[in-house]
Amino acid sequence: MGVAAGCYAVAMSVFGTTTSLFLADAVHAGPGLIGLYFTGCAVAAVGINLVTGWLSDRVTDRRAALAATALAGVAGALAFTAVRNYAVVFATGAVLLSLNDAYISQLFAYVKEFAESTGREVTPFSSAVRSVFSAGWVVGPPTGLFLLAHTGFGLLYTSVACLLLLTALLGRWLLPAVPAPPGPVADDDAGDRGERRLSGMRRALAVVPRRTWLLLGAVTAVNVADQIYLIAIALYVTKDLHLSAALVGVMAGVCAALEIPLMIAVGRVADRVGKLRVVAAAVVLAVVFFCLLPVAGSAPVLIALQLPNAMWTAVVTSIPMVVVQQEVPGGTGSVSALYSSTFPVAQLLAGAVTGVVAAQAGYRDVFWICAGLCALAAVLLLCRRAARGADDGRRRAPGAALRYAPSTDSIESRTEEDGRDLT
């Protein structure tokens, strides 16, 4: 599982750091077309991810979904080795690479089911697997850029295709099979019959508690801030501070390296301290980080700020997903896909916000927007208390729509979370 996650992480980190260069240098696309590519892929990724998650809960073996999404990435990477037509590249990214993006939600759905079936605690196990992705971002970008500089895009994306092919083979034939999770049990009253008429993704979205929507809103706000940071930090360092572009690579490597032990540590203590308490503290730390960033004017200070950056990132990229999986009844694939869809939505919003704010005020001021978004996330987390009371009352009502039979581990973890939830 670690090797499969690592191969996928390295492949995606190479895609993430070279696609803009590929579009500009190989496809000869202008800034407008490059922006259109990322916007179109973000929109397509949301729908494809949700549909893939719903379909994956209808198959008996989730390993088939892991292999299919990874093979879509293989086809996309091979297309990038030969195709130089913008329309074909756009279609490849919007369909094949968006389907490949769904691999991560399927992997963490599998991680949850595997942990529960083997008696492991979900939170630390999921955080340990998530830390492998940070390790991939330590290794992937410098290796990919080295290959690009010495061999070109052809060999680079051929290597990415090989990594994703290995990911598909590991996912389908070497990972152990896990038993299918229990399905929904419906009541016989009229309310249940009306709810059963909802099909597919409509039913999956209908059973999401309001407190979970608030959590997803908070995660989306923080992810928008994170995406704005990733877009603007290189330009801020080189254009506003007039420092070397190599500093940006050092900052990214330091942050990713720090995230690995922090994710493992957070996964071990989150259940004891309270998962939502840890998430709330991380969001507050993110506000502090983005408030300090505009006043940091030297390389040592920017590198030192990567410690709080890694701390809040380690929490927000791992713990909320476990909370959503525990709170939302139904198929694990659909739930994980719902959570993962916050990332392309955040990418879409971040591009628009960064362009407008940077054009009007400058790159330094976009970080104040990031701080405001994280503060909004903190407010949404505080609103969970009232929403949770409303959801509890609805579940106790005689006409409750659907009853699910989660595993004993899920019941215990949910009860513990309800008792320790800060908000």
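Caption draft 1: Representation of the packing of helix α1 (residues 2–26) against helix α6 (residues 122–151). Viewed as axis vectors pointing N to C, α1 and α6 meet at an angle of 45 degrees, and their least axial separation amounts to 7 Å. As far as their axial angle goes, α6 and α1 are oblique. Viewed along their axes, α1 and α6 form a crossing whose handedness is right-handed. Here the residues of the contact of α1 with α6 are counted per class, giving 14 nonpolar, nine polar and no charged.

Caption draft 2: Quick look at the nonpolar core. Counting 105 residues, the largest nonpolar core has F15, I233, F290, L293 and F367 as its most contacted members. The element best represented in this core is helix α10 (residues 210–240), accounting for 14 residues. Residue contacts for L293: discarding those within four places in its chain leaves Y229, I233, Y236, L302, L305 and F367.

Caption draft 3: Region of interest: a nonpolar patch on the surface. Taken together, the side chains of L71, L165, L169, W173 and L174 make up a nonpolar region of the molecular surface, amounting to roughly 550 Å² of accessible area. Tracing the chain through its elements places W173 in helix α7 (residues 153–174).

Caption draft 4: Examining the packing of helix α3 (residues 62–82) against helix α5 (residues 103–117) more closely. Two elements in contact, α3 and α5, have axes whose closest approach is 9 Å; the angle formed by their N-to-C orientations is 160 degrees. Between α3 and α5, the angle falls in the class roughly antiparallel. As α3 runs across α5, the sense of the crossing is left-handed. Across the interface between the two elements, R62, R63, A65, L66, T69 and A70 of α3 pack against Y103, Q106, L107, A109, Y110 and E113 of α5. Along the lines of polarity and charge, the residues of the contact of α3 with α5 split into seven nonpolar, two polar and three charged.

Caption draft 5: Seen up close, α1. Between the first and last C-alpha of α1 there are 33 Å, a value that for 25 residues agrees with the 36 Å anticipated at 1.5 Å per step. Its maximal kink placed at T18, α1 deviates by approximately 45 degrees. At the exit of α1 stands H28, carrying a positive phi of roughly 60 degrees.

Caption draft 6: Expanded view of the pattern of salt bridges. The final tally for this structure, using the stated rule, is seven salt bridges. Here D61 and R63 are joined by a salt bridge, their closest N and O atoms 2.7 Å apart. Each member of the pair, D61 as well as R63, carries the same accessibility label: buried. Two residues, K112 and E116, come together in a salt bridge whose shortest N-O distance is 2.8 Å. Placement of the pair is K112 and E116 together in helix α5, with a separation of four residues, close to one helical turn. Since its relative accessible area comes to 8%, K112 is described here as buried. Judged by relative accessible area, which is 21%, E116 ranks as partly exposed. Taken together, the shared-partner salt bridges in this structure form one network comprising D61, R63 and R172.

The rules behind the values
Residues numbered from 1 in each chain as written. Predicted model: local features only at pLDDT ≥ 70, side-chain atom pairs only at ≥ 80, totals over all residues. Heavy atoms only, no water. Axes fitted to C-alpha atoms, helices over the stretch in contact; angles between N-to-C directions. Helix = DSSP H or I, 4+ residues; strand = E, 2+ residues; numbered from the N terminus. Parallel < 35°, antiparallel > 145°, perpendicular 65-115°, else oblique. Left-handed = near helix turned anticlockwise from the far one by under 90°. Nonpolar A, V, L, I, M, F, W, Y, C, P; charged D, E, K, R; others polar. Core = buried A, V, L, I, M, F, W, Y, C linked by side-chain atoms within 4.5 Å. Buried < 20%, exposed > 50% of the residue type's maximum accessible area, 1.4 Å probe, protein only. Contact = heavy atoms within 4.5 Å. Patch = residues over 30% accessible without salt bridge, like charges linked within 9 Å, V, L, I, M, F, W, Y side chains within 5 Å. Areas by Shrake-Rupley, 256 points an atom, 1.4 Å probe, with all protein chains shown as cover. Salt bridge = Lys/Arg side-chain N within 4 Å of Asp/Glu carboxyl O. Expected span 1.5 Å × (residues − 1). Bend = angle between axes of the 7 residues up to and from the residue.

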